[in-house]
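Okay, here's what each chain looks like letter by letter:
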Amino acid sequence: LATTNPDDSLVSMLDSVSARGGIYQGRWTAPWLLSDWESDIWITTNGEKTRATSEGGFLGSVNVHWSVRLPNGCYLTDTKYSRLLSSCKKISFLYRQGYGFSKPPAIRVWHDFNGFLLRICYWLVLEEEYFFPEKHGLLLFDQGGISKLTNLMACGGWCGAHRITERFMAELHHEVFASP
């Protein structure tokens, strides 16, 4: 599916499946989610370590910061990436609820999973001419995309996949040799 010109009929079918909400028809609330679903920062419980403060906050919570900066300077929480953000939140929520492996993961595992999910979003935006995350969220991240990502990671980890060195050198070259 990852192409510069995805087949419109296939994309329409995937969009309609996505619009129906897939297989989960429950509410997007849980006792562990202490903040609002729409919040840019999810405040979640950390088992019995989480305590409410007198100011209305929480101590010992595990927080997920959805407002990460993407390689194009936008943020995942910007309106243009609402589909991508929604997909990530749903995946994170369902995984924490135990839909991945029949039981909820350890909280640290879930927190690390969210970091992995956010790094995938960063990469999808970096490769937006193939995956169109602004329009399709995660829908076009198929086996070909997974293979491409894992090959890049095998050569240079997340820094290689995110082309950190390449983009840094290009920016440095631009700053040094650009006309004033």
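Just above, that's the structure.
Cut-offs applied
Residues numbered from 1 in each chain as written. Predicted model: local features only at pLDDT ≥ 70, side-chain atom pairs only at ≥ 80, totals over all residues. Heavy atoms only, no water. Helix = DSSP H or I, 4+ residues; strand = E, 2+ residues; numbered from the N terminus. Contact = heavy atoms within 4.5 Å. Phe/Tyr/Trp six-rings, centres within 6.5 Å; stacked < 30°, edge-to-face > 60°. Buried < 20%, exposed > 50% of the residue type's maximum accessible area, 1.4 Å probe, protein only. Core = buried A, V, L, I, M, F, W, Y, C linked by side-chain atoms within 4.5 Å. Expected span 1.5 Å × (residues − 1). Axes fitted to C-alpha atoms, helices over the stretch in contact; angles between N-to-C directions. Parallel < 35°, antiparallel > 145°, perpendicular 65-115°, else oblique. Nonpolar A, V, L, I, M, F, W, Y, C, P; charged D, E, K, R; others polar.

*Asks:* So, the side chain of threonine 45: which residues are in play, and what are the values?
*Replies:* Structurally, the position occupied by threonine 45 is in the loop between β1 (41–44) and β2 (51–52). Residues within four places of threonine 45 in sequence aside, it is in contact with Pro31, Trp32, Leu34, Thr50, Val62, Arg96 and Ile107.

*Asks:* Describe in detail the packing of aromatic side chains, supporting the description with residues and values.
*Replies:* Scanning the entire structure with this criterion turns up 13 aromatic pairs. Centroid distance phenylalanine 131 to phenylalanine 141: 6.0 Å. Interplanar angle 75°. Geometry classified as edge-to-face. One end of the pair, phenylalanine 131, is in helix α4 (residues 128–131); the other, phenylalanine 141, is in the loop between α5 (133–136) and α6 (143–161), and 10 residues separate them in sequence.

*Asks:* Describe unusual backbone geometry, listing the residues and the values that go with them.
*Replies:* Positive phi is not limited to glycine here, since phenylalanine 132 has a value of about 45°. On the basis of relative accessible area, phenylalanine 132 is assigned to the partly exposed category, the value being 25%.

*Asks:* Provide a residue-level description of the nonpolar core, including the pertinent values.
*Replies:* One finds Trp42, Trp66, Leu76, Leu84, Phe93 and Leu124 to be the most contacted residues of the largest nonpolar core, which totals 34 residues. Listed by contribution, the elements that provide at least two residues to this core are β4 (62–65), α2 (82–97), α3 (107–126) and α6. If sequence neighbours within four positions are ignored, leucine 124 has contacts with Leu84, Phe131, Pro133, Leu138 and Phe141.

*Asks:* Go over α3 with me, naming the residues and quoting the values.
*Replies:* Taking 1.5 Å of rise per residue, 20 residues should cover 28 Å, and α3 covers 29 Å from first to last C-alpha, within 8% of that figure. Restricting attention to buried positions, one finds in α3 the residues Trp110, Asn114, Leu117, Leu118, Ile120, Cys121, Tyr122, Trp123, Leu124, Val125 and Leu126.

*Asks:* Outline the packing of α3 against α6, supporting the account with residue identities and numerical values.
*Replies:* One can describe the packing of α3 onto α6 by two numbers: an axis separation of 12 Å at closest approach and a directional angle of 105°. When the interaxial angle is binned, α3 and α6 end up roughly perpendicular. Residues Phe116, Arg119, Ile120, Trp123 and Leu126 of α3 touch α6, and the partners they reach there are Gly145, Lys148, Leu149, Leu152, Trp158 and Ala161. For the contact of α3 with α6, the per-class residue count stands at 8 nonpolar, 1 polar and 2 charged.

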